[in-house]
Amino acid sequence: MIFIGNHVSISKGYLAMGKMEEKLGGNTFAFFTRNPRGGNGSVPDPEDVQVLRAFLKEKQFGKLVAHAPYTMNLCSAKEEVRTFSENVFREDLRKMEDLPGQYFNFHPGSHLKQGYEAAADQIADVLNRTLTENQTTTVLLETMAGKGTEVGKTFEELRGILDRVERKDKLGICFDTCHVWDGGYDIVHDLDGVLRHFDEVIGIDRLLAVHLNDSKNPCGAHKDRHEKIGLGEIGEEALMRVVQHPLLQGRPFILETPNDDDGYRREIALVRANMKE
Ligand code: FE
Ligand code: FE
Ligand code: ZN
């Protein structure tokens, strides 16, 4: 089996996120550790955090997949942006320890004009300064569509970052179906081949979470426009093969499709109907 859920808002607190996801039929969820477009992180109420922890245990939720804000760019060409981003990363990673043992996913970043190698060094430097032996959170690098100068558009680019980090035991990959497709990996006609390539380059054991999205654009478009399941270029059949793939069982699957609550409820039900036991 897999765990399925979507992004829920942290604005009403921690337990409210779990309750909302339960209402939608999910058993995992994603949330932004702070306003996705920037801003300060609020301090959570410790009691609220404890109640959510009990709720997640009681309802047997899978690991959560928290998402870093989009304004965080660890490999910006501007030093002040890198400094801001490192502070956000460090603070949010610390905050994640309130909910022990979950995932914290981030976009590797956009290198602007610096090129990949300099960017990979900068990203890895931050990881080497912030990851600690005792943290229970696993940090996930997200596969990217390759829009603009995004780092992480190929498995090799992600591998290059992993290679530079000392505490590899704290790292994994979040496989975003829209991004991988837009990046040029044909998961419609050759899902097995794409996962085999992932295994050869990175190792399938590092693929710890999936963002389940259709794409508005054809394979290799490098656009990153998500679509509802079945309404895009990937299609429902191919996405359900992802859900059923033996190598991906046990992972949290997060919908990032452009839906309202009813839409998410329907997509979660669809995934559940296609899930292997
Ligand atoms: Fe993302
Ligand atoms: Fe994503
Ligand atoms: Zn995206």
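A. Region of the structure containing helix α3 (residues 79-96). For α3, spanning 18 residues, the distance from its first C-alpha to its last is 26 Å, which sits close to the expected 26 Å at 1.5 Å a residue. Contacts made by the buried residues of α3 are with α1 (14-24), β2 (65-67), β3 (103-106), α4 (116-130) and β4 (138-142).

B. View of the coordination of the zinc ion (ligand 3). The protein atoms that coordinate the zinc ion (ligand 3) are H179 (NE2), D224 (OD) and H226 (NE2), at distances of 2.0 to 2.2 Å. The motif formed by the donor residues of the zinc ion (ligand 3), counted along the single chain, is H-x44-D-x1-H. Between the two metals, the zinc ion (ligand 3) and the iron ion (ligand 1), the spacing is 5.3 Å. Of this pair, H179 sits in helix α6 (residues 177-182) while H226 sits in strand β8 (residues 226-227), placing them 47 residues apart in sequence. Here the two residues H179 and H226 agree in accessibility, since each one is buried.

C. Highlighting the packing of aromatic side chains. The full count for this structure, using the stated rule, is eleven aromatic pairs. Between F29 and F61, the ring centres sit 6.3 Å apart and the planes meet at 75 degrees, which makes this aromatic pair edge-to-face. A residue pair is termed long-range when its members are at least 10 positions apart, and F29 in the loop between α1 and α2 (46-58) and F61 in the loop between α2 and β2 qualify at 32 residues. Each member of the pair, F29 as well as F61, carries the same accessibility label: buried. Measuring from ring centre to ring centre gives 6.4 Å for F155 and F175, while their planes differ by 35 degrees; the resulting arrangement is tilted. Of this pair, F155 sits in helix α5 (residues 155-164) while F175 sits in strand β5 (residues 171-176); the two residues are 20 residues apart in sequence, bridging distant segments of the chain. Accessibility classification places F155 together with F175 in one group, the buried group. Here the aromatic cluster, defined as three or more aromatic residues joined through ring pairs, consists of Y14, F29, F31, F55 and F61.

What counts as what
Residues numbered from 1 in each chain as written. Chains lettered and ligands numbered in written order. Predicted model: local features only at pLDDT ≥ 70, side-chain atom pairs only at ≥ 80, totals over all residues. Heavy atoms only, no water. Helix = DSSP H or I, 4+ residues; strand = E, 2+ residues; numbered from the N terminus. Expected span 1.5 Å × (residues − 1). Contact = heavy atoms within 4.5 Å. Donors = N, O, S within 2.8 Å, 3.2 Å for Na, K, Ca; no water. Buried < 20%, exposed > 50% of the residue type's maximum accessible area, 1.4 Å probe, protein only. Phe/Tyr/Trp six-rings, centres within 6.5 Å; stacked < 30°, edge-to-face > 60°.

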